[in-house]
Amino acid sequence: MLPGGLLVLGVFLITSPDLSKDVQNALRKLVFAVEKSSMKNRLWHFEEGDVSERIALHICSATRKVTCRTFDVNDPKSTAKPADWKYQNFASSWLMIDCNVHLDVTIPLTSSSFQDQQKSTRLGLAKWAKEIENAVVLFNGQTKDINEDLFEDLKKSSRSANHSSPQIITTNILTSSPVIEDTRTTALVQSCKSSLTIHGVVKCRGYVHSNRPKVKDAVQAIKRDILNTTKDRCEILFEDIILNGLQREKDVWQLPQRVFVPIHGSSLLLCDYLFGDETANDLQSHFLEILDQDVQQDGLEFTEQKSSKTIAEEKENISQPQHTTGVQTNSSKSSSEIRLNKGFL
């Protein structure tokens, strides 16, 4: 649900005074458990400049006393360190990085079971993630040095900016070819029973704080969002098929649609995912359950169109970009599909 640039910074716990003795141990376990869960099967890794400290906040229900401590999640033996906790009476200002990415990723499959296909998809996406990591990001059609300020006139733009809505920066992702990089590559031929193709246009979005952001911050935010939303949608789809046994005989499945939802009192948007048979009411119920927030239907931002086109229809309209994302299994029984599966690079 978190777009690129946003991470879970920690956990909080509200208890009565008589339970305060066991709080710190419980919070420590929660911090590391949440971090492990949020980073499970992630397609990216923390970089040297990333902050590894996570917050554990305890609030006493009787005295309203707030105790804040931090743990270094990179160190399993990390002990609690005291930290200051302050409130501010205004919402933080954020810059929104917007990007449409066309996916066309083919992954070889050696088994027909959905569990094995899920594992193969994870491995295939991990290889694809390296292409995204090495990709070039254009900001409003221009390249920028990653170490320079995102905006040279940031102070001027910040004064005139409306803090109720973020400034939007449009980006494009250019993946580089090994030939351009002047490196030698060898074609890899891999035997498989079938292949899985992830294709379509994905709406990606990242956020950076408006306090003198660097280009590298924006690049990191949008790239991580691309990897997160692609991985999450595949995981959601496979889990749905495995748990519910749906669509097992189909060759084409639609990945869940991405929908953005505003957070009360902030310019940030969270996202959720809807399958074709779900409605806006289902999304509203989900956010009420997860965030305890009522979301109006006019506040929902559907960024991608649902599509029920067949493969034949898609081939007829191949020159027109389709704003949908799907997973297609290429069976080796088809002649045209065999042609696609002769070799893998």
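Keep in mind that what you see is a predicted model, and the values were worked out from it rather than measured.

Novice: Just to check I follow, could you spell out the pattern of salt bridges for this structure?
Specialist: Side-chain pairs of opposite charge can arise whenever the charged atoms involved come near each other. According to the stated counting rule, one finds 11 salt bridges in the structure shown. A salt bridge links Arg-54 to Glu-35; the shortest N-O distance between them is 3.0 Å. Here Arg-54 is found in strand β2 (residues 53-60), whereas its partner Glu-35 is found in helix α1 (residues 23-38), with 19 residues between them in sequence. Accessibility assignment for this pair places Arg-54 and Glu-35 in one class, buried. With a closest N to O distance of 2.9 Å, Glu-301 and Arg-205 form a salt bridge. On the criterion of sequence distance, the pair formed by Glu-301 in strand β12 (residues 301-302) and Arg-205 in strand β8 (residues 194-209) is long-range, its members being 96 residues apart.

Novice: When you look at the pairing of β8 in this model, what are you seeing that I'm missing?
Specialist: Along a regular strand, successive side chains alternate from one face of the sheet to the other. For β8, a buried count of 15 out of 16 residues is recorded, marking the element as mostly surrounded by other parts of the structure. As paired elements, strand β5 (residues 94-109) and β8 share 16 bridges and run antiparallel to each other. Residue pairing for β8: Asp-104 is matched across the bridge by His-199.

Novice: Help me understand the state of the cysteines in this model?
Specialist: Joining two cysteines, a disulfide is a covalent bond between their sulfur atoms. Scanning all chains against the criterion turns up 0 disulfides. There is no disulfide at Cys-204, and the cysteine sulfur nearest it, in Cys-99, is 5.8 Å away. Given the relative accessible area of 0%, Cys-204 is considered buried.

Novice: In this structure, what is going on with the environment of Ile-173? I would like to understand it.
Specialist: For Ile-173, the position within the fold is in strand β7 (residues 167-174). Separated by 38 residues in the primary sequence, Ile-173 and Ala-135 place their C-alpha atoms 6.4 Å from one another. With residues near it in sequence (within four places) discarded, Ile-173 still touches Cys-99, Val-101, Ala-135, Val-136, Val-137, Ile-222 and Ile-226.

Novice: I tried to follow unusual backbone geometry on my own but got confused; where do I start?
Specialist: Generally, phi is negative for residues other than glycine and the peptide bonds are trans, each holding for most cases. Of note, Asn-41 is a non-glycine position whose phi angle comes to about 60°, a positive value. The partly exposed category is assigned to Asn-41, whose relative accessible area is 31%. Even without being a glycine, Asn-140 presents a positive backbone phi close to 50°. Within the element layout of this structure, Asn-140 appears in the loop between β6 (136-139) and α3 (154-160).

Novice: Hey, could you run me through helix α5 (residues 280-291) in this one?
Specialist: Within an α-helix, residues lying three or four positions from one another point in the same direction, as the helix has 3.6 residues per turn. Counted at 1.5 Å a residue, the expected span for α5 with its 12 residues is 16 Å, and the 16 Å between its end C-alpha atoms agrees. Those residues of α5 that fall on the buried side of the exposure criterion are Ala-280, Leu-283, Gln-284 and Phe-287. End-on view of α5: buried residues confined to an arc of 100°, all on one side of the axis. Packing partners of the buried residues in α5 comprise β10 (257-262), β11 (269-274) and β12.

Novice: Explanation requested: the UniProt feature "signal peptide" (unreviewed entry) in the chain in the structure shown.
Specialist: Mapped onto this numbering, the UniProt entry annotates "signal peptide" (unreviewed entry) at residues 1-20. In the segment residues 1-20, helix accounts for 0% and strand for 30%; the C-alpha atoms at its two ends are 31 Å apart.

Rules of the game
- Residues numbered from 1 in each chain as written.
- Predicted model: local features only at pLDDT ≥ 70, side-chain atom pairs only at ≥ 80, totals over all residues.
- Heavy atoms only, no water.
- Salt bridge = Lys/Arg side-chain N within 4 Å of Asp/Glu carboxyl O.
- Helix = DSSP H or I, 4+ residues; strand = E, 2+ residues; numbered from the N terminus.
- Buried < 20%, exposed > 50% of the residue type's maximum accessible area, 1.4 Å probe, protein only.
- Pairing = 2+ DSSP bridges.
- Disulfide = S-S within 2.5 Å.
- Contact = heavy atoms within 4.5 Å.
- Expected span 1.5 Å × (residues − 1).
- Arc of directions from axis to C-beta.
- UniProt positions renumbered as here; feature names shortened; annotations may be inferred.

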